[in-house]
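Descriptive structure summary
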Amino acid sequence: SMLIEFRLHTEAKPILQRVLIKEPRNFELYRYLGDISYRNYDYTEALIFYEQAIKIESNDYRTLLNLANCYFAVGSYPSAVRYYRKALPISEEDPTLFYNLANALFKTEDYSEAVEYYLMAITLGFRDAEIYFNLGNAYYMTGDYENCLANYETAIDQRRDYTAAMFNLANTLEKINEPERALTYYNRIVEIDPRYYRAFYNIGNYYKLEGRLERAIEYYQRAIAINNRDEFSYSNMGDCYRMLGLYEEAEQAYLRAIEIDPTNPIPYNNLSLTYYLQEKFIQSLEYLRKAAKLGHYNASDILRNFNNN
């Protein structure tokens, strides 16, 4: 029945557009045409019809809400915020409106105000896992890590397999220097989703910092097995090989990282160090110059001292 309804709407569209020529001030026609495009995910066209509709009926709540949703969908977040705000005085009891406005405010980097509207939506009854996840993200951006963690935990309580919330929770725990707790969540993530390569990468980082280099390499390799363009796993794995004295393996890892992203100065600098440790000074200088040219924070100073000496 939904397919039949959709086809009827689609077939009605050219007829309604012809009617508009005779009735250019018909609000219902513009809104109906907007709805057809909106249901067809053609948000750019829907915007045109909804904009015309609100020129005629500026306080129609559903049109304002859909218009704001369209602007959000096409990535015009300031415009989305503007129309969500226009809808607010008309319906102050719709939790979805507060939630959508909060999402748009987050996109415009108004994180503190986004927090306020997420909390309003929750007060009005919008309490699924996603809103707590988004609220946690907003708190993170304001630097309120305590509330950030609490909301990620609430999201996970509501959805036990919410790996995105677990990942952000673990990142936040690392931010406040609780790496062991973070590791617990990373391990939980890969149990739920064995293809979550970023969790494997972060587990590798944990073991690297602990000095357990062979174990770190194992997890970087697992990340790469899932995503062979994970330049950071290659680069950090190169560090581990270098510290273990496995220079040939380090060289290959750094070269692969450079191949994936030739603009990142870090693997150039670390490859230069690898060559230096092998007394391959010409190659070392070559990559040090490349790292300096790309703006590595330390390579330029080293190169300057080298030239002075």
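Scroll up a little and you will see the structure.
Computed from a predicted structure; not experimentally measured.

Thresholds applied
- Residues numbered from 1 in each chain as written.
- Predicted model: local features only at pLDDT ≥ 70, side-chain atom pairs only at ≥ 80, totals over all residues.
- Heavy atoms only, no water.
- Helix = DSSP H or I, 4+ residues; strand = E, 2+ residues; numbered from the N terminus.
- Buried < 20%, exposed > 50% of the residue type's maximum accessible area, 1.4 Å probe, protein only.
- Contact = heavy atoms within 4.5 Å.
- Areas by Shrake-Rupley, 256 points an atom, 1.4 Å probe, with all protein chains shown as cover.
- Axes fitted to C-alpha atoms, helices over the stretch in contact; angles between N-to-C directions.
- Left-handed = near helix turned anticlockwise from the far one by under 90°.
- Nonpolar A, V, L, I, M, F, W, Y, C, P; charged D, E, K, R; others polar.
- Parallel < 35°, antiparallel > 145°, perpendicular 65-115°, else oblique.

In this section: the overall build of the protein. Broken down by element type, the protein carries 18 helices and zero strands. Put simply, the protein has 309 residues, and 49% of those count as buried. Nonlocal contacts in the protein, meaning residues at least 24 apart in sequence, comprise 44% of its contacts between residues at least 6 apart. Carbon together with sulfur atoms contributes 49% to the accessible area of the protein, which is approximately 16,600 Å² in total.

A few words now on the packing of helix H2 (residues 27-39) against helix H4 (residues 61-73). Where H2 meets H4, the axes come as close as 11 Å, and the angle between the chain directions of the two elements is 35 degrees. Of the two elements, H2 crosses H4, and the hand of that crossing is left-handed. Touching Phe27, Arg31, Asp35 and Tyr38 of H2 are Arg62, Thr63, Asn66, Asn69 and Cys70, all from H4. Here the contact of H2 with H4 is built from residues that sort into three nonpolar, three polar and three charged.

A few words on the packing of helix H10 (residues 163-175) against helix H12 (residues 197-209). Between two packed helices, what matters for the description is the angle formed by their axes and the separation of those axes. Remark: H10 packs on H12, axes separated minimally by 11 Å, with the N-to-C direction vectors making an angle of 20 degrees. In this view, H10 runs roughly parallel relative to H12, as classed from their interaxial angle. Considering only the axes of H10 and H12, their crossing is left-handed. Taken together, the residues of H12 that come into contact with H10 (itself represented by Phe167, Asn171 and Glu174) are Arg198, Ala199 and Asn202. The class makeup of the residues in the contact of H10 with H12 is two nonpolar, two polar and two charged.

What is shown is where atoms sit, not what they do.
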